[in-house]
There are 2 protein chains.
Amino acid sequence: MSTADETETSIAARLKRNEAGLVAAVIQQVDTGEVLMLGWMDDEALRRTLTEGRVTFFSRSRQEYWRKGDTSGNIQLVKSVAIDCDGDALLIKVDQVGAACHTGTRTCFDGREIPAVAGERSE
Amino acid sequence: MSTADETETSIAARLKRNEAGLVAAVIQQVDTGEVLMLGWMDDEALRRTLTEGRVTFFSRSRQEYWRKGDTSGNIQLVKSVAIDCDGDALLIKVDQVGAACHTGTRTCFDGREIPAVAGERSE
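Residues numbered from 1 in each chain as written. Chains lettered and ligands numbered in written order. Predicted model: local features only at pLDDT ≥ 70, side-chain atom pairs only at ≥ 80, totals over all residues. Heavy atoms only, no water.

1. Some words on the packing of aromatic side chains
A ring pair, where both rings are aromatic, is described by two values, the distance of the centres and the angle of the planes. Residues and elements named next belong to chain A. Counted by the stated rule, this structure contains 5 aromatic pairs over all chains. Their ring planes at 35° and their centres at 4.9 Å tell us that Phe-57 and Trp-66 sit as a pair that is tilted. In this structure Trp-66 comes out as partly exposed when scored by relative accessible area, which is 30%. Ring centres of Phe-58 and Tyr-65 lie 5.3 Å apart, and the angle between their planes is 70°; this geometry places the pair in the edge-to-face category. Residue classification places Tyr-65 among the partly exposed residues on the basis of a relative accessible area of 29%. One Lys or Arg, Arg-48, reaches over the ring of Tyr-65 and ends 4.3 Å from the middle of that ring. (Phe/Tyr/Trp six-rings, centres within 6.5 Å; stacked < 30°, edge-to-face > 60°. Buried < 20%, exposed > 50% of the residue type's maximum accessible area, 1.4 Å probe, protein only. Lys NZ or Arg CZ within 6 Å of the ring centre and 35° of its normal.)

2. Section: the UniProt feature "domain: Phosphoribosyl-AMP cyclohydrolase" (unreviewed entry) in chain A
UniProt annotation of "domain: Phosphoribosyl-AMP cyclohydrolase" (unreviewed entry) refers to residues 37-109 of chain A when read in the numbering used here. As annotated, residues 37-109 of chain A has a helix share of 14% and a strand share of 40%, and its two end C-alpha atoms lie 7 Å apart. (UniProt positions renumbered as here; feature names shortened; annotations may be inferred. Helix = DSSP H or I, 4+ residues; strand = E, 2+ residues; numbered from the N terminus.)

3. Observations concerning the relation of the copies chain A and chain B
The transformation that overlays chain A on chain B combines an axial shift of 0.0 Å with a rotation of 180°, and the residual RMSD is 0.0 Å. Considering both components of the superposition, the chain copies are consistent with a two-fold axis. Measuring from the rotation axis to each C-alpha of chain A, the shortest distance belongs to Gly33(A), at 2.6 Å. The share of interface residues of chain A whose copies in chain B are also at the interface is 100%, consistent with both copies meeting through the same surface. (Least-squares fit on C-alpha atoms with pLDDT ≥ 70 in both. Contact = heavy atoms within 4.5 Å.)

4. What to know about the UniProt feature "binding site: Zn(2+)" (unreviewed entry) in chain A
The positions UniProt marks with the feature "binding site: Zn(2+)" (unreviewed entry) are Cys85(A), Cys101(A) and Cys108(A). Maximum C-alpha separation among the annotated residues is 27.9 Å over a sequence range of 24 residues, too wide for a single clustered spot. Note on placement: Cys85(A) falls in the loop between strand 5 (76-83) and strand 6 (89-96). Cys85(A) gets classed as partly exposed once you look at its relative accessible area, which sits at 27%. With residues up to four places along the chain from it excluded, the contact list for Cys85(A) reads Cys101(B), His102(B), Thr103(B), Cys108(B) and Arg112(B). Among the secondary structure elements, Cys108(A) is positioned in the loop between strand 6 and strand 7 (113-114).

5. Comments concerning the confidence of the model for chain A
Taken over all residues, the pLDDT of chain A has a mean of 92, while the share at 70 or more is 94%. In the predicted assembly, ipTM is 0.92 and pTM is 0.92. (pLDDT = per-residue confidence, 0-100.)

6. Examining the side chain of Asp84(A)
Here Asp84(A) lies in the loop between strand 5 and strand 6. No salt bridge forms around the buried Asp84(A); measuring N to O, its nearest opposite-charge neighbour Arg112(B) is 7.3 Å away. A polar side-chain atom of Asp84(A) sits 2.8 Å from the main-chain amide nitrogen of Gly87(A). When sequence neighbours within four positions are dropped, the list of residues in contact with Asp84(A) reads Ala89(A), Cys108(B), Phe109(B) and Arg112(B). (Lys, Arg positive; Asp, Glu negative; His and termini not counted. Salt bridge = Lys/Arg side-chain N within 4 Å of Asp/Glu carboxyl O. Polar contact = N/O pair within 3.5 Å; in protein donor to acceptor, adjacent residues only side chain to side chain.)

7. Digging into the sheet that holds strand 7 of chain A
Strand order across the open sheet formed by 5 strands is 7(A)-5(B)-6(B)-1(B)-2(B), with mixed pairing between neighbours. For this open sheet the edge positions go to strand 7 of chain A together with strand 2 (35-41) of chain B, each flanked by a neighbour on one side alone. Judged from the 2 bridges that link them, strand 7 of chain A and strand 5 (residues 76-83) of chain B form a sheet pairing that is antiparallel. Each bridged residue has a counterpart across the sheet, and for Glu113(A) the counterpart in strand 5 of chain B is Ala82(B). Seen against the sheet, helix 2 (residues 43-52) of chain B touches strand 7 of chain A together with strand 2, strand 5 and strand 6 (89-96) of chain B and runs at an angle of roughly 130° to strand 2 of chain B. (Pairing = 2+ DSSP bridges. Axes fitted to C-alpha atoms, helices over the stretch in contact; angles between N-to-C directions.)

8. What about the interface of chain A and chain B?
Every contact between the two is made by 47 residues of chain A and, on the other side, 47 residues of chain B. Taken over both partners, the interface formed by chain A and chain B buries close to 4100 Å², and the fraction arising from carbon and sulfur atoms is 63%. Of all residues in chain A, Phe109(A), Ile114(A) and Arg121(A) bury the most surface against chain B, accounting for 16% of the area lost on that side. Remark: the boundary between chain A and chain B carries 6 salt bridges. A salt bridge links Lys79(B) to Glu120(A), with the shortest nitrogen-to-oxygen separation between them at 3.6 Å. Taken together, chain A and chain B are joined by 18 residue pairs in polar contact (both at pLDDT 80 or more). Of all the secondary structure elements, the ones that give two or more residues to the side of chain A that touches chain B are helix 1 (3-14), strand 1 (23-29), strand 2 (35-41), helix 2 (43-52), strand 5, strand 6 and strand 7 of chain A. Broken down by element, the residue count for the side of chain A that touches chain B peaks at 7 residues, all from strand 5 of chain A. (Buried area = accessible area lost by both parts, 1.4 Å probe.)

Put into structure tokens, the structure is as follows:
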């Protein structure tokens, strides 16, 4: 087994997929720290993301692979990938070209705050 | 219907839950922008999070509510909550006391990078 194969095998072993075989991928702009969006990946979408320098998701609604920006031009250039402690989430730092959201906003959360009671530290 | 009830109803209408009735919640440190962890919420966990100033998740493995820090002391103080464009993810900015990860690391992604080919802008 080559080192690349071993790496792929050990990563696959660490992933805990949901009922649909997917893990959640948080996409963060590498320099500003903005959380741009959340997408979903199966093993093949993650393999492509790790090897192509571009982020590929698996679309739950369309049930197909979707390389971000192929249609819109708003591509996501991969900078780093990390897997969380229990293997059910990925943090992918990217350089986002243009808007991350299909609605045209920079992130999928912009202008979509909902009212919340803020918590304070009790000193 | 009170304003609070209306708000709750309209938020509930915007959420798209997965097969298990849950949405993914990205937890981000408000000042540094670090992505601390990803958790899961059902409607009741979100209601508690919006009203208590503290983050409550729904544990998929234990099938119970879990208010972050009640056992460890590493609480998450809510600063803002946003819902994404298609209603299946939440971005919750918090002030994290201590470590976010049960393993003792600041975030659940620290030291857990996996090898990836970096993408570059072609000018």
